[in-house]
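The chain contents come next:
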Amino acid sequence: MNFKKIIESYHFYAIITILCWALAPVLTRLCHLHFSAMPIGFLRYLISSVLIIFLLIIKKTKLPSVKDLPWLIASAATGFSLYMVMFNYGTQYVESATTSVMMATSPLITALLSFLLFKEYLSKKQWIAILIEFVGIIILAVVGNGFSLNIGTLWLLGASFLLSVYNLIQRILTKKYSGFQVTAFSILIGTLMLSFSAPQSFRELKTAPMNQIFYLLILGIFTSTIAYIAWSTAFQKAEKTSQVSNYMFFNPLLSGIFAFFIAGEIPDSTTYIGGALILLGMCLFNYGQTIRTERKVRSR
């Protein structure tokens with residue numbers, strides 16, 4: 001497979017996104033040593049917005065149509081501002097293990113909503129693959145850590161639902177705009193929505209050590225700008241929403257790997273078992289997709 005064919009595939013952009021997003025839990029945890037929850041979200045997207053504005057000027061990007069503003073506002077709310085508020089509130093009440101499980105429901109919700117709204121059908125093998133991956137997530141995050149049910153789980157379930165809706169909105173917007181345009185305008189609008197925490201954010205930023213600022217720069221540039229542009233591009237290239245959202249099952253596994261190398265957190269046996277199930281599920285999902293495609297070709 002040549003390089004041109006690789007970058008034309010949604011897999012390439014989905015993998016870039018997941019690699020960037022997997023850094024977020026580790027770096028956010030490190031940022032919490034100095035910053036409060038809301039300032040992390042605002043400053044992260046403020047940095048991203050500065051970069052986005054620079055890119056918009058360089059690329060001479062046209063402004064979106066006025067009639068598409070409601071969709072862009074919905075994209076900003078579900079993927080950035082309202083999502084960030086729910087996620088931050090949820091993490092205040094529950095352990096990180098519970099957080100991982102609740103957010104891992106997003107691919108399942110996305111697949112269900114895609115089926116109900118867009119009639120995107122999955123094969124039996126692909127549904128089984130999603131369930132295998134979810135079991136892997138549970139083993140990875142819950143076994144040996146416990147699972148707490150409280151108001152925090154409701155906040156996180158809401159955040160997971162919002163992220164699923166955001167995935168579907170990308171499917172709609174990327175039919176008219178590029179992945180860069182959708183992400184750029186969504187981030188700018190989302191940052192404005194989060195600006196209510198600007199005073200507290202700048203107060204904390206004044207006393208922040210250099211390493212904390214470095215973490216914020218990585219969060220703003222890689223886990224926000226690059227990741228979300230790649231994510232929207234993946235939806236633009238994929239036939240089905242679930243093909244892209246399924247990659248989100250890799251997040252807890254990769255986050256555990258990054259936590260080991262960056263923060264020195266040593267993975268236990270459940271990491272290997274859960275990781276193996278996630279990889280197995282991903283292979284089965286793509287195999288089911290290949291079989292379904294071959295049947296369509298033969299039917300023609």
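In case you missed it, the structure is sitting above this.
Residues numbered from 1 in each chain as written. Predicted model: local features only at pLDDT ≥ 70, side-chain atom pairs only at ≥ 80, totals over all residues. Heavy atoms only, no water.

What follows covers unusual backbone geometry. It is generally the case that most residues other than glycine have a negative phi and that most peptide bonds are trans. Even without glycine at this site, lysine 60 takes up a positive phi of about 50 degrees. Relative to the elements of secondary structure, lysine 60 occurs in the loop between α4 (37-59) and α5 (69-91). A relative accessible area of 73% means that lysine 60 is categorised as exposed. (Helix = DSSP H or I, 4+ residues; strand = E, 2+ residues; numbered from the N terminus. Buried < 20%, exposed > 50% of the residue type's maximum accessible area, 1.4 Å probe, protein only.)

Right, let's get into the packing of helix α7 (residues 106-118) against helix α9 (residues 151-173). Across the interface, α7 lies against α9 with an axial gap of 9 Å and an inter-helix angle of 50 degrees. With respect to their mutual orientation, α7 and α9 come out oblique. Here the hand of the crossing between α7 and α9 comes out right-handed. Residues Ser106, Ile109, Thr110, Leu113, Ser114, Leu117 and Phe118 of α7 form the contact with α9, whose participating residues are Ser160, Phe161, Leu163, Ser164, Val165, Asn167, Leu168, Arg171 and Ile172. (Axes fitted to C-alpha atoms, helices over the stretch in contact; angles between N-to-C directions. Parallel < 35°, antiparallel > 145°, perpendicular 65-115°, else oblique. Left-handed = near helix turned anticlockwise from the far one by under 90°. Contact = heavy atoms within 4.5 Å.)

Under the 1.5 Å per step criterion, the end-to-end length of helix α10 (residues 179-193) is 21 Å for 15 residues, consistent within 8% with the ideal 21 Å. Of all the 15 residues making up α10, twelve are buried; the element is thus mostly covered by neighbouring parts of the structure. For α10, the set of buried residues is Gly179, Phe180, Gln181, Val182, Thr183, Ala184, Phe185, Ser186, Ile187, Ile189, Gly190 and Thr191. (Expected span 1.5 Å × (residues − 1).)

Bringing the nonpolar core into the picture now. Residues Ile18, Trp231 and Val244 are the most contacted members of the largest nonpolar core, which totals 63 residues. When residues of this core are traced back to their parent elements, those giving at least two are α2 (10-21), α3 (23-31), α4, α5, α9, α10, α12 (210-237) and α14 (251-263). Ignoring sequence-local partners within four residues, the contact set of valine 244 consists of Tyr10, Ala14, Trp231, Ala234, Phe235 and Ala238. (Core = buried A, V, L, I, M, F, W, Y, C linked by side-chain atoms within 4.5 Å.)

Take the packing of aromatic side chains next. Inspection of every chain in the model, using the stated rule, returns eleven aromatic pairs. Relative to phenylalanine 202, the ring of phenylalanine 42 has its centre 6.1 Å away and its plane inclined at 85 degrees; by these criteria the two rings are edge-to-face. Of this pair, phenylalanine 42 sits in helix α4 while phenylalanine 202 sits in helix α11 (residues 198-206), and the two are 160 residues apart along the sequence. Ring centres of tyrosine 83 and phenylalanine 87 lie 6.0 Å apart, and the angle between their planes is 25 degrees; this geometry places the pair in the stacked category. (Phe/Tyr/Trp six-rings, centres within 6.5 Å; stacked < 30°, edge-to-face > 60°.)

In a packed pair of helices, the relevant descriptors are the angle between the two axes and the axis-to-axis distance. The interhelical angle for the contact between α4 and α12, taken along N-to-C directions, is 65 degrees, at an axis separation of 8 Å. Along this stretch, α4 crosses α12, giving a crossing that reads as right-handed. Here Ile40, Leu43, Arg44, Tyr45, Ile47, Ser48, Leu51 and Ile52 of α4 come into contact with α12, specifically with Leu216, Leu217, Leu219, Gly220, Ile221, Thr223, Ser224, Thr225, Tyr228 and Ile229. Looking at the contact of α4 with α12 residue by residue, the class counts come to twelve nonpolar, five polar and one charged. (Nonpolar A, V, L, I, M, F, W, Y, C, P; charged D, E, K, R; others polar.)

As for its position among the elements, threonine 17 is in helix α2. Discounting residues that sit within four places of it in the chain, threonine 17 has contacts with Ala227, Ala230 and Trp231.

As for its position among the elements, alanine 227 is in helix α12. Put simply, alanine 227 and leucine 19 are 208 residues apart on the chain and 8.3 Å apart in space, counted from C-alpha to C-alpha. Setting aside residues no more than four positions away along its own chain, alanine 227 makes contact with Thr17, Cys20, Trp21 and Phe222.

All right, on to α7 then. A turn of α-helix holds 3.6 residues, and therefore any two residues three or four places apart point the same way. Helix length check: α7 (13 residues) gives 17 Å between terminal C-alpha atoms against 18 Å at 1.5 Å per residue, within 8%. Residues Ser106, Pro107, Ile109, Thr110, Ala111, Leu113 and Ser114 constitute the buried set of α7. With its phi angle positive at about 55 degrees, lysine 119 sits one or two positions after the end of α7.

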